[in-house]
Structure formats: structure tokens, C-alpha cells
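Structural description and commentary
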Protein chains: 2
Amino acid sequence: MDFKTRAKELVAKMTLAEKLSQMKYDAPAIERLGIPAYNWWNECLHGAARSGMATVFPQAIGMAASFDTELMHEVATAISDEVRAKYNEYKKFGDTLIYQGLTCWSPNINIFRDPRWGRGHETYGEDPYLTGQMGCAFIKGLQGEGKYRKTDATIKHYAVHSGPEKERHSFDAQVSEYDLYETYLSAFRYCIEHADPSAVMGAYNRVNGEACCASKTLLKDILYGEFGFDGYVVSDCGAICDINKNHKLTQTEAESAALAVNNGCALNCGSAYAHLMTAVAAGLLDEDTVTEAVERLFEARLRLGMFDSDCEYDAIPYEVIECEKHRALNRKMAQESMVLLKNNGVLPLSDEIKTLAIIGPNADDVSVLLGNYNGTPSRYSTLLRGIQDAFDGQVYYAKGCHIYDSTLHDWAEHPMREAIIAAQKSDAVILCMGLNPGMEGEEGDGFNGDYSGDKPDIELPDSQKALLEEILKTGKPVIFVNVSGSCVNLSRADEACDAVVQCFYPGAEGGAALADVLFGRVNPQGRLPVTFYRSTKDLPPFEDYNMENRTYKYFGGSALYPFGYGLSYTSFAHTLLHVDAAAQRVRVSVKNTGTVDGTDTVCVFLKKVCGESRERYRLIGIGKAPLAAGETREIEITVDGTHLAELEKGEYEIVFAVEN
Amino acid sequence: MDFKTRAKELVAKMTLAEKLSQMKYDAPAIERLGIPAYNWWNECLHGAARSGMATVFPQAIGMAASFDTELMHEVATAISDEVRAKYNEYKKFGDTLIYQGLTCWSPNINIFRDPRWGRGHETYGEDPYLTGQMGCAFIKGLQGEGKYRKTDATIKHYAVHSGPEKERHSFDAQVSEYDLYETYLSAFRYCIEHADPSAVMGAYNRVNGEACCASKTLLKDILYGEFGFDGYVVSDCGAICDINKNHKLTQTEAESAALAVNNGCALNCGSAYAHLMTAVAAGLLDEDTVTEAVERLFEARLRLGMFDSDCEYDAIPYEVIECEKHRALNRKMAQESMVLLKNNGVLPLSDEIKTLAIIGPNADDVSVLLGNYNGTPSRYSTLLRGIQDAFDGQVYYAKGCHIYDSTLHDWAEHPMREAIIAAQKSDAVILCMGLNPGMEGEEGDGFNGDYSGDKPDIELPDSQKALLEEILKTGKPVIFVNVSGSCVNLSRADEACDAVVQCFYPGAEGGAALADVLFGRVNPQGRLPVTFYRSTKDLPPFEDYNMENRTYKYFGGSALYPFGYGLSYTSFAHTLLHVDAAAQRVRVSVKNTGTVDGTDTVCVFLKKVCGESRERYRLIGIGKAPLAAGETREIEITVDGTHLAELEKGEYEIVFAVEN
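Bear in mind that the values here come from a model prediction, so they are computed numbers and not experimental data.

1. Overview of the environment of B:Ile620
Residues and elements named next belong to chain B. The residue isoleucine 620 is located in strand S20 (residues 617-627) in this model. Each C-alpha atom, one on isoleucine 620 and one on phenylalanine 605, is 5.6 Å from the other, the two residues being 15 residues apart in sequence. Those residues in contact with isoleucine 620 that lie beyond four places of it in its chain are Tyr129, Val604, Phe605, Leu606, Thr638, Val639, Asp640 and Leu644.

Here it is as C-alpha cells:
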């Protein structure tokens, strides 16, 4: 009997009250039916999260920078193994606490619309195509391909969610139909069509007046209607109460809950669904609708093998957690997540460098390895530790400045001079700067009180700007390592430093992976999943959800580093050989024109040449070409065929990079 | 010309205003006399502090537990090398900021009177003799034995200072003459007589009504009079303003400042001495007194070689900072600082142990390595990291609980179960518990708001008690590692765990050193520098400075682990061979009666047998006896001769341990 049928039969045995009880994320047991309690809330954005020891992979934005869907699938497979291993063990104790289950509220496939959004680093960047590709790889890795699902993936936050964090509980995003489909819904649709995610999480905000978790348009019409979604919808935590309390669309929790369930939101993170019985009694909700919702939930639990004894994933042992294989995979992903943005030849570091200064507030900070929604690694290497472990010479470490506070407190340490001394005494300086997950994060995370997790601008803090200038004055070669989950204005670093590396929040193996790149043990291949702008002035108002002048697709100005940008220690040349519009494939010849081996991350863009398209560029395909020095190889790349026919009309041409 | 004469000549050229300007800790330049600005405030309690990269040795209380004065001298020599190396470099830039100078406000030789005092871990424990011994070794190491002083040591806080932190700016410690001399002043006198410290820092509190930094009794009569101190006195920071603001002994800053200078306090940390000119104008202070104070200060600066070009320490290179030699020395000190309190044979860990659970909130916390008044290590091993690096088998790490918060927050991680799983899956459990420097510290440090850095009691937090019980239920061998700078009630651990190790705040090499002990690569030799009581009820009121019923000397109850206690992986037997009262020496035969090599820390106590003495015990000598298994050796130990003659009267006898 299939899971759907079994779910129907099981739910049919429940009373109305029992059904309603199952629609809360912390669902109680129904002992008479042999149904144990279950807490639906788990997280695994870049590793099994908030449940102790785990392999902590690079933050999502960093993994997106790998542009490597195969590797992403391997990573997600490792993650779901660890989630399962934990679940299997917790189950032995009958535990049903938060972060112990199989239903993961990951990935975050929102579009990183504006670099000021604090949660942007949880996403795969600004491009719907890349987001769809990485999202699918991640979902498939989480869910597995067995008879049962290994874990449930939940794509979030549906939809049009990208700040401001401070206003998320009351914000109404105004979006055109074009932007809605081309930008905000595109990856959701793609993932649903190609990876069958078990669940969708509704966002806090409104879209065009309707609350996302209770929106007829978004849920009933588009998600279940147009997109043919067949899973369950869960609300973001507290989002249903927001409908009456903050969005003021309803008067009571009961009304909010009824509106949500009627439009397809089966599961409530929060407490609003405690009022569902009131809603039924008031005639706001009928039992058939409830039944349908609960059937979806039990189909999912059954499909996860929770009620069977032959689930192939029950045997995943605890020992997989942070095992050697996963740690090696993590290091590989971290290596691929690093994006080389500038290099005047100082990198890879030469053997002649005997003394290194490692300077900056992010050099020895564990929090920047971990990002947010993270687990706890039992072993990790900070940037400092990673470089030290890889380098035989003398290392001078100096924090140099507070990460954002420029105040020279009377009786506090004044770290600047030590940094200058360290630089002066060294053959080269690795400057580890940028942000941290306390400076860009979720509502409630942020140090920057007024911004509630969002960034006020894209500048480096003044404390770091001052440190950079002092270090530059020493005249030493400076490698600027920017640690951040978002675009930071790196104009000054680009202008004045010898090399610039963007390393995002690189996970537990971050320091080791950075060292691999700096010393040339691996050749960088990461590409920017977001545009690096030159100035906050380049951005439309943060609250404006119109995509005009946002992201590489619509930005009319000159970016410092465009989307898709990323250097190698070698160079590559591309020749387009063939476009097969029907098969949605292109053939490209790639040549390693340099003197060292390396892997080219091939990005296939449509570039607008003329015509009505609002897009300037559109990423339609990505591929990887590992090439020895001097080697040429032909590769086939599957592409998005939407506008491929227009190539012949001359509206678009195919290019391999976004020009600045 | 000697430094004193040169100082006189230099000060003679100054105007009154110039002289007064030099009595502030942030003394300005007097350009016409070629005197550069100088900031007197530096710290080096257990390593060059608050000035960036440094070898961070175990916190003072841990170094005291080594009972190893020779090693302490080596450590202090390394510390002063690092302070000098930094100074030499800063000097090239003309820098005169805080924490860049040569005048170190260390060591803290207060008596750790009550385990609730938050700053107790800065001290060498509860015993005046041990404090004097360790203090002298430290001072000599800091100051060197050259023509110039390498750095200035400042013994603090003079006097009778040990909490409550919250009331320190207004507290009046009531002390009997007996306790004053026997307990509170003893180590100050000893250090002044044997190690010639350059400076003394006055405490915040009053003693018997007089403010310490301006006390005729403490400064003029006792310090400069009785003890023959010949250096300078500096106030604790803001302590002079306290005299009028909080102690209410004077009306104005000018009066406070005059009172302090008149009684011998030459240097002011704070701002009160800005009012000295007012004091002189008002006739509260005469210029001769000022001149004498400023001469003391310039004698010190001259003696540090600041005005000469032939100082032997100017050549100490920057490369000594955290050099391999210092790191090795640090590891040795950390090894010696560990005190084995219980061992049923589980330690050292056998080769048959293939899987280890490392559990607890202190397992992977860097802050507990560092204590307070610390520098920044560029390399360090947390307890977890140290054990992992030393162990080839599988390690399961679990934090297990918050270090003090027992609240199970709704949407937060619940770490207990993972800890139980880790224990169940392992052959043995290393439980890393205790406190951290945020829970016991200085006024303003503490998380425990109401206590301002002090501890409310000597209990483990409830969160950890609950974790301990859960881990014990697994039935696995449990090694309880207590990380704290003070006595914690370890009764339950002693009763129920297989081994108990006290590791204090063990410095940058703490994890490596702990692993050395756990795996038997070194044999522990540390001894408790404080009594470990069984209950807060064993203690007199915290505010009570009467020593009755405090410390091993006067405590009438049964301690869990007495002062001087500490096990080895072997056993030792002692035979007193000879007492030479005149020469203040005893000869002891020590035999290693066990099967492994080890070093015995020989403690020579006088034990009261009868008569009038208020002391029950009195430590009078310490020695180290490295012995191969089965080896016997005679050692000579220099002892405090004060009561040695009374041995013959039968009032005391010599013993080698405090009985419980």
C-alpha cells in the first residue's frame, strides 16, 4: 500500500481533536493509534544543526560559490546521513525533542535580492538558476532515492522573503508578476519540478497584501495549482500569529489559523493552531480540509519510514557523524567555495616567503567558520590555525582591531601597533577581515541594534578600514581575505592589495582549505554567487522589491566583481562549438591556457544584445572542466532552454562571463 | 652614578607642575628635559597581557599548584623576555600606550581567604608561605639580575584584599593584628625582604578604617617603616577617588590625593592626582614630599634602562614571543599545575580504551585556558583538542549542558541526550566541568550580576550537576576534570567518579598538558594551593576577614581535599632524617614505593600538637624529588625557621601532609 493510502487510513481513525493536535510542529502522541509524539522542527542548512557534533560544511552561500552541483549532492548526502544517524540514536531513547527529527527546514532558496539582508548568507545567492541547481542537488541529497525518504527537505521561505529582518513580521513586499515569476518563485518552481521536496515553508512577510503562510494566491493557486506541489506546507515560526497581530489581516488567532489551513498550510510552527478547534466550531474551517492537511503530514511521516521496520536508513550508524570521509568532503567543499578575486601573482605564496603576518579580527574567530543554523564541529581550523598548520616558517598573529568597534577604550587593549609590527617583520601579510554572523544574521541576532540582523550598508567597518590603511603603509605584500556571507565593498582592497580572496563562512575545515588555496595546494575555482557592488549608493532602497537595478541580471552600473567572477592560478579560453536548442545542451571547448593544472568553472550566460528583454544577462548553464596545463577539452553542458530559441533572432548571445 | 642619585638630579630640574604631572600613570613627556611620555600600566600575571600575541601560561593559581619555584622562575623569565621584546619594538615607534611599558602590575600576592572571591585565581592560593615562595620566584624572574631591571614587578593588592568585589570601593576590612601579620602581610614582607620588588600597589578597600592607598599604618609605618620597602607605591585604578567618593574619609579629590601622597603613594592609576596642584596650593601637601615621590618613580624608570643606551635587555628580539622554547616551558608548567584528586586506577588511560567521550561545557572553551589578565596565544589547545591530538581512537564530543543555565529554552538546542549517547558509545568519559573566568572574576566581569565577579557559593551549577548524574547512570568509567580557579564542592564527583583532576585555568597548552596527564605521558605532581571544602556552610561569612576557620591553617572541619593534596601514579614514603633549626633546613628521605617513575612534591608542615598556637598546620618548606620506581633519595629542604625551635618543646611536629 502506498504512503498516501496508508496515511488516509490512519487519519481516518482519528477524532477531529486528534487530527488538529497533529498540525502543530510539536505534535503529541496518539497512543491509542500507536502514534508517537514528533517534533517536526529540525535544521540542516550546511550540516546537521543545533543537535551537537556534526560536520559543519561551509555556509550555504559558500557552497553556492563552488558552482558544483555534484559536490553539493555529496555534501547533502553526508548531511542527511548525519541527521539520520542522530535520529536513529535519539529514537532508541524515545526522544522527540526539537532538532532530533527527520524533517529538515532547509534549504533556504530565497533570492539574495539585496546585500544588506542579514540572512542572505543562508541562500545560494542572487541568481534563480544557480539557486535552483544548488537547491535541487541539496534536496536530492537530503531525501535520498530509496523506498523511504532519508530526510525531508523543506524549501523556504515561500515566498519573496529577503528583509528587512526588523519588519519581517509585518512587511508587505510589493512585487510585479514579472519579478515574482522570473526572480522570486523561479527556484521554488524548479526545485518542485526537478527534486520533489517534501515540504515548503511559508514566509513571515506578506506579498502584495496576502500573508505568505495563508495566501490563496501563493499557496492554493500557484504552489498547489500551477506548480503541482504535492507535499506539505509548514509556517515559519510564529508566522500565523503575525497575521492578526502584525499584518492585521484577521482579528484572532483562530481566524489566522483557519485562513492558513484553508489555503494549504498544514503544519504550524508556533502556537496559533492551538486555536483550530475554535475555528472549526466557528465554521471558519471544515473537517475535510483538516483531514487533507493531516493526511499530507502522515504521508510524510510514513514515507520517512517512521512507522515501519524495514527502512534502509535505520542502519546508518552514529559513527558517520563527523567521520574522516565527511571531513575530507568538507575540506573539498571549502576549497571550492573560495573565490579568488584579485591576484597580481603573489598567490600562490612562494617558497621564498619565510615569515607571515596573519592579521585581522577574523583570523582566529570560530564563529566565522560556522555561519548560522549550524552544528558543532569537534575539530575545526580557524583561518589562523589552518595557515599555521600548513606553513613551516615564522607566523606573527595580530588581531589588529575590533571587528567593528573603533573606540579606543581607555583601559582596553590597543591592538593596532602590534599588527603593524607583525606586518613589518613579515615577508607577506594575510589580512583576515570582513563580517561575522553576529553582524549579518536573523532578526534578534544582530549586534547592530537598529538593523536587527541586517547590514546598514556594504562597507567594511571603520575599524577595519583604518587597519587596512596602516598595513598597506608597511609596503608588504598584502593578501586580503574577506570573510563574509554577502557583498562587502572591496574597492579599496582591490585597488591596493596584492590579492583578494572571498572565503564566505567556510565551515569547520575553513582554515585548512584557505591554506590549501594560499599555498597553491589546490587551484581555486569558486565563483561569486552574488554581485560585489562598489557602493551602497548602487543599490535601490532596501525595502524596494522591484528587481530593477538589482543583481547581475538587471544592474546597470559597474560592479567591482560581477556575479560569476572568480580567478584561477591558471587561465582558460572558451569556444562555443554548438547549441542544441531542442536538447537544451551546448558544447564548449575549454582550454587551459596557463602553466598549472586547474578546474574551470564554466558559466554559460545568455547576454541580451537587443530586443525587449529586461534581463541584461541570464545564467543558463554551469559545468566543470578539470584541465591539465595546456589541455583542451570539449564539454557538454545542459542549459535552461527558455530563451534558447531567441538566439537565432539575435536577441541574445552566449557568453562565458558577465562583463563589468 | 647610581639610579637614585641620577633620579634626584633629574627631578631637581623639574618645576612643581612637571613633578606633579609625572605622578599620574599616564605621565606626559617633559620635552625640555628629554623625558618621553610613559604609561606605567602593564600587566603580566601569567604572561605578557593585553598586548596581543604572547605565551599564555596557566593562571597564577595553577602555577601555584606546581609548588615548583624553579619552574616559576623560568616562567617569569620567559614572561619578562616577552614584555621586554614588545617594549623594545613599541619603543621604535615612540609608542607610549597602556600595556606597552615595562612596569608590570603583577603578581597578585593576596591571600585567597575565601573561595567565593572572584579574583582568587589571580593569586597563589591560601597560604602565606607558598605565596611568598612563588611570589619571590616570579618577581626575580620579572626583574632579572642585571645592571638594569628587565621589568618592574608590582606586588598587589596591598593589603588585606579579597572581596567582596561588589563592595571593594567602599569596603572596610576589619582585621586583627595577628591575622594582619600572619596572613595578610606575610607574603608582602617575605617578597620585599627576599626579592626586592620595584613596586607595591595599594588596594581599593580600607583596612581597620584607613584607605589602603593612603594609609599611614599600612604604607608609612609598616611598608616603608617596618618592612624597609625602598620602591614606589601605585594606587589601584580609581582607588584614590574612592577615598572621598566611596570611603567618605575625605571631602575632595585634592584631599584624597594629598592623603595618599603624604603617606607614600607616589603614582596614581586614575585621575585624582590631577588635583595635586590644588592640594599643594591648599597647604595639604608640601613640595618635598612630592619630590621624594617623583624621585622614586624616576629611579625606577632609570633602573629600567629607559634613559640609557647600554641596557642589556634592549637586545631581546621580538621572536622570543611565543617561541618554541616558551611553548615547551608552558606545557611543562601546565603539566605540573594539574592536580590528581582521585584515581581508582582508571588513570592513566589504558591502551584498551578505543573510544572516548569528551563531554562538558568546558571541553572546548578557549576562555578557560586563558583565565584573566591574559595575553592572546596564536596557538592553543582546548581540553578537547589536546585529548583528540593525543588519542588515536574515536572521540565523541558533546557539550552536554550550558555552563550554568539550566533553562530549557523552547527553540534552543537541548544538549543532554547527545552527551548520554556519547558516554554510552565510549569506553570511558572525560567530563570537563567547572567554572569559567566569566563566572569568577573581577568587579564588572561576572555573569552573576548580584555578585559582581564573586561566586555566590562553591557549588557546581545545577546544569552541570544534572549532567553529571546522567553520565554516571551510563555506568561508564568517568574522569571528572574540574576547570576552575577556586575550590568547587567536588564531593559528588569524588564519591561517584573514577578519577578527579583539578586543572585550574591551564593556559594555551592546557589541552595538551591534560592529555599528557590522562594518558600517563607525564606523572602528575601538582598539589592544591587551596583547601577544597565540602560545603559553603563550612565557610564563615564572606565579609568576615577573621581567619578563624579559614584555610588549612585554621579550618577545624573536614575538608574534601586539604591544602597540599595531590596524587601521583606512583606512591611515596617520607622519613624525616634531621632538622637543623639554626640553618633552617630539614633532611628528608623520600622513597618511590610504586611501580612507575614520578616526582614527589614534598611539603613540610609544622603540625600543632599542643600549646597556644592558633594554627593547626603551617607549611614551612617545599621540595621536589624526582624518583624512579623503587628509588630512594635524601633531599635537603630549606624551611621557614619561625617556629622551628618549638619543635623541641613538643608544641609542633613535622608532617608531610595535612590530615583530613
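Continuing now.
2. Points about the relation of the copies chain B and chain A
Once turned by 180° and shifted 0.0 Å along the axis, chain B lies on chain A with an RMSD of 0.0 Å. Here the symmetry operator amounts to a two-fold rotation axis. Judged by C-alpha distance, B:Val366 is the residue of chain B that lies nearest the rotation axis, at 5.2 Å. Mapped onto chain A, 100% of the interface residues of chain B again fall at the interface, so both copies present the same surface.

3. Topic: the UniProt feature "domain: Glycoside hydrolase family 3 N-terminal" (unreviewed entry) in chain A
Sites flagged by UniProt as "domain: Glycoside hydrolase family 3 N-terminal" (unreviewed entry) map to residues 21-298 of chain A. Regarding residues 21-298 of chain A, the helix share stands at 40% and the strand share at 11%, and the terminal C-alpha atoms are separated by 13 Å.

4. Re the sheet that holds strand S4 (residues 152-158) of chain B
Across a sheet, paired strands are connected by hydrogen bonds in the backbone, their directions being either parallel or antiparallel. All names here are of chain B. Read from one edge to the other, the open sheet built from 5 strands follows the order S3-S4-S6-S9-S10, with strand pairing classed as parallel. Two strands close off the open sheet at either side, each with one partner strand: strand S3 (103-104) and strand S10 (265-267). Two elements, strand S6 (residues 199-202) and strand S9 (residues 232-235), share 4 bridges in a ladder whose sense is parallel. Directly across from glycine 202, in S9, lies its bridge partner serine 235. Contacts from helix H5 (residues 128-143) reach S3 and S4 within the one sheet, and its direction differs from that of S4 by about 145°.

5. As for the state of the cysteines
Note: disulfide means a covalent bond formed between the sulfur atoms of two cysteine side chains. In total, this model carries 2 disulfides over all chains according to the counting rule given. The partner cysteine of A:Cys237 in its disulfide is A:Cys269, sulfur to sulfur 2.0 Å. Residues A:Cys237 and A:Cys269 are joined through a disulfide that is right-handed, its torsion about the S-S bond being 95°. One end of the pair, A:Cys237, is in the loop between strand S9 (232-235) and helix H9 (239-245); the other, A:Cys269, is in the loop between strand S10 (265-267) and helix H11 (276-281), and 32 residues separate them in sequence. Residue classification places A:Cys269 among the buried residues on the basis of a relative accessible area of 0%. Here A:Cys311 is not disulfide-linked; the sulfur of A:Cys104 is the nearest cysteine sulfur, at 14 Å. When its relative accessible area of 5% is taken as the criterion, A:Cys311 is described as buried. Not engaged in a disulfide, the cysteine B:Cys241 finds its nearest cysteine sulfur in B:Cys269; these two sulfurs lie 10 Å apart.

6. Here we look at the pattern of salt bridges
By the definition in use, this model includes 100 salt bridges over all chains. Across the pair A:Glu636 and A:Arg585 runs a salt bridge whose closest N-O atoms are separated by 2.7 Å. Here A:Arg585 lies in strand S18 (residues 585-592) and A:Glu636 lies in strand S21 (residues 632-638), a separation of 51 residues in the sequence. Judged by its relative accessible area of 40%, A:Glu636 falls in the partly exposed class. Residues B:Glu636 and B:Arg587 are paired through a salt bridge, measuring 3.7 Å at the closest nitrogen-oxygen approach. Of this pair, B:Glu636 sits in strand S21 (residues 632-638) while B:Arg587 sits in strand S18 (residues 585-592), placing them 49 residues apart in sequence. Residue classification places B:Arg587 among the partly exposed positions, given a relative accessible area of 30%. Counted as one network, the salt bridges with shared partners bring together A:Lys4, A:Asp230, A:Glu292, A:Arg296, A:Glu299 and A:Arg303.

7. A word on helix H16 (residues 416-424) of chain B
All buried positions along H16(B) are accounted for by B:Glu418, B:Ala419, B:Ile420, B:Ile421, B:Ala422 and B:Ala423. Its buried side turned inward, H16(B) meets helix H4 (69-92) of chain A together with strand S12 (355-359), strand S13 (394-398), strand S14 (428-434) and helix H17 (462-473) of chain B.

8. A closer look at the packing of helix H13 (residues 324-337) of chain B against helix H19 (residues 510-518) of chain B
All names here are of chain B. The geometry of H13 relative to H19 is characterised by a closest axis approach of 8 Å and an angle of 50° between their N-to-C directions. In terms of orientation, H13 lies oblique with respect to H19. The handedness of the crossing between H13 and H19 comes out as right-handed. Packed against H13, whose contacting residues are Arg331, Ala334 and Gln335, the element H19 presents Ala512, Ala513, Asp516 and Val517 at the interface. Across the contact of H13 with H19, the residue classes tally to 4 nonpolar, 1 polar and 2 charged.

9. Some words on the packing of aromatic side chains
This structure, assessed with the given rule, holds 48 aromatic pairs over all chains. Summarising the aromatic geometry, the rings of A:Trp41 and A:Trp105 are spaced 5.3 Å apart at their centres and angled 20° between planes, so their arrangement reads as stacked. Here A:Trp105 lies in the loop between strand S3 (103-104) and helix H5 (128-143) and A:Trp41 lies in the loop between strand S2 (38-39) and helix H3 (60-65), a separation of 64 residues in the sequence. Considered together, A:Trp41 and A:Trp105 belong to a single accessibility category, that of buried residues. The interplanar angle of 65° and the centroid separation of 5.0 Å between the aromatic rings of A:Trp41 and B:Trp411 together place this pair among those described as edge-to-face. One end of the pair, A:Trp41, is in the loop between S2 and H3; the other, B:Trp411, is in the loop between S13 and H16, on a second chain. Judged by its relative accessible area of 5%, A:Trp41 is buried.

Calculation rules
Residues numbered from 1 in each chain as written. Chains lettered and ligands numbered in written order. Predicted model: local features only at pLDDT ≥ 70, side-chain atom pairs only at ≥ 80, totals over all residues. Heavy atoms only, no water. Helix = DSSP H or I, 4+ residues; strand = E, 2+ residues; numbered from the N terminus. Contact = heavy atoms within 4.5 Å. Least-squares fit on C-alpha atoms with pLDDT ≥ 70 in both. UniProt positions renumbered as here; feature names shortened; annotations may be inferred. Pairing = 2+ DSSP bridges. Axes fitted to C-alpha atoms, helices over the stretch in contact; angles between N-to-C directions. Disulfide = S-S within 2.5 Å. Buried < 20%, exposed > 50% of the residue type's maximum accessible area, 1.4 Å probe, protein only. Salt bridge = Lys/Arg side-chain N within 4 Å of Asp/Glu carboxyl O. Parallel < 35°, antiparallel > 145°, perpendicular 65-115°, else oblique. Left-handed = near helix turned anticlockwise from the far one by under 90°. Nonpolar A, V, L, I, M, F, W, Y, C, P; charged D, E, K, R; others polar. Phe/Tyr/Trp six-rings, centres within 6.5 Å; stacked < 30°, edge-to-face > 60°.

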